[in-house]
Amino acid sequence: MHDQEEEVVIGSLSVLGAGLAFGLGGIGAALGIGMIGSKTIESMARQPEMAGRLQTTMFIALGMTEAIGLLGFVLAFVLQGVK
Amino acid sequence: MSAPTVTVAEQAAADPLTHGIEKLVHELSVLPLKGEHLGIAESYSPGHFTLTNYTFWMLIAFALTVLFFVVASRKPKLVPSGIYNLAEAGVAFVRDSLCAEVMGPEGRKYFPFIGTVFFFVLFNNLLGNIPPALPGTGTLGTTFMWGLIVFTVYNGIGIKKNGLGRYIKSFIPSGTPLWLAPFIFVLELISHFLRPITLGIRLYANMYAGHIMLGVFAIFMGIAIEHVSATSFVVLPLSFVMQIVLRGFELFVAVLQAYIFAILTAVYINGALHASEH
């Protein structure tokens, strides 16, 4: 009985941890992606002739920021496997 | 206590949503095509090749890529039309607005490698959007391997261009105080070794998360049809619309991720080429 209770507690805590890992990881990445997008639009409006190069740089920054958020996603799946 | 206790697993099995999601995750995991009862560890003993669901669809995507370009380039014309036009637009996009944009005119020299990466990832991602198919890039094994290939290639190019000593020396920017140099060197080394990992995880997680999202809304629809109640009339049309919207978004993500993978490869190669300049 005691072992079973422990299993339930660990299982539910790991699910909670997975949710927190993805949620909190997502906040940072979302803020970052929002900033990248807003600054790119601002720069494009100021200098439309630079739009092509700005877009390339934006996608590079977007990819790097996104990876951080997705680390939380992968971690969430790892944590769910904890029994 | 002698009262019959319900285990976590039994509770989960009773809940249709949890049951559906567990089945979905199982379907999206790497499974051997033959002998599904075998665990993945048993079917991957040394010297024993097993075709898994992901490798199967990856081979099909590979065949489609070859077929597409062979058919497209069969009759080169001065004024392109049809499938030839499509292939030429794709190739010109990678060469001019991807390689040349990041690396300058000399970037065209690296077009064969970056083009291979781009079209492999693109065809796999797109094939994953046709329902029975799985994206070959939706598993960590494939994407990590591509990350390692990119890692090897860009370091190889850097060493070939600058020489081993100068390439390693370039990890420390000129003008760094001597006491700070070891820390900078270690930091730079870590950032280099993180590159293949982030490349792999980004592509895998995007493909996997997209399929999980689509699957979850499909499960909602299934439950709404099976257990008809007042909420079914809200959930069913909403899930149906979400399916269409998400499918469109997935097509966009498939192209975007191929683009990001290829452009980061170009950026890493560019960094390795100009390592000794700063």
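Definitions and limits used
- Residues numbered from 1 in each chain as written.
- Chains lettered and ligands numbered in written order.
- Predicted model: local features only at pLDDT ≥ 70, side-chain atom pairs only at ≥ 80, totals over all residues.
- Helix = DSSP H or I, 4+ residues; strand = E, 2+ residues; numbered from the N terminus.
- Contact = placed C-beta atoms within 7 Å.
- pLDDT = per-residue confidence, 0-100.
- Nonpolar A, V, L, I, M, F, W, Y, C, P; charged D, E, K, R; others polar.
- Buried ≥ 20, exposed ≤ 12 C-beta atoms within 10 Å, placed from the backbone.
- Axes fitted to C-alpha atoms, helices over the stretch in contact; angles between N-to-C directions.
- Left-handed = near helix turned anticlockwise from the far one by under 90°.

**Student:** Could you give an account of the overall build of chain B, naming the residues involved and the relevant values?
**Tutor:** Check the secondary structure of chain B and you find ten helices and zero strands. In sequence order, the secondary structure elements of chain B are arranged as α-α-α-α-α-α-α-α-α-α. For chain B, long-range pairs separated by at least 24 residues make up 65% of all intrachain contacts whose partners lie at least 6 apart in sequence.

**Student:** With reference to specific residues and values, describe the confidence of the model for chain B.
**Tutor:** All names here are of chain B. Mean pLDDT over chain B stands at 83; residues scoring 70 or higher make up 89%. Put simply, helix 3 (residues 40-43) is where chain B has its lowest mean pLDDT, 52, and helix 6 (residues 111-127) is where it has its highest, 92. Scored as a complex, the prediction yields pTM 0.83 and ipTM 0.76.

**Student:** Help me get a handle on the interface of chain B and chain A, residues and values and all.
**Tutor:** The partner chain A presents 13 residues to the 14 residues of chain B that form the contact. At the level of elements, helix 5 (82-103), helix 9 (181-226) and helix 10 (232-273) of chain B are the ones that each hand at least two residues to the side of chain B that touches chain A. In the side of chain B that touches chain A, the residues fall into eleven nonpolar, one polar and two charged.

**Student:** Please give an account of the environment of B:Leu51 that cites residues and values.
**Tutor:** Residues and elements named next belong to chain B. Note that Leu51 resides in the loop between helix 3 and helix 4 (53-72). Of the residues examined, Leu51 has 12 C-beta atoms within 10 Å and is grouped as exposed. Placed 215 residues apart in sequence, Leu51 and Ala266 show a C-alpha to C-alpha distance of 32 Å. If sequence neighbours within four positions are ignored, Leu51 has contacts with Leu33 and Phe56.

**Student:** Account for the packing of helix 4 of chain B against helix 5 of chain B, with residues named and values stated.
**Tutor:** Geometrically, a packed helix pair is captured by the angle between its two axes and the distance between the axes. Residue and element names in this part refer to chain B. Here helix 4 crosses helix 5 at 115°, and the two axes come no closer than 8 Å. Note on packing geometry: the crossing formed by helix 4 with helix 5 is left-handed. Contacts from Phe68, Phe69, Val71 and Ala72 in helix 4 reach Ile83, Tyr84, Leu86 and Ala87 in helix 5. Of the residues contributing to the contact of helix 4 with helix 5, the split by class is eight nonpolar, no polar and no charged.

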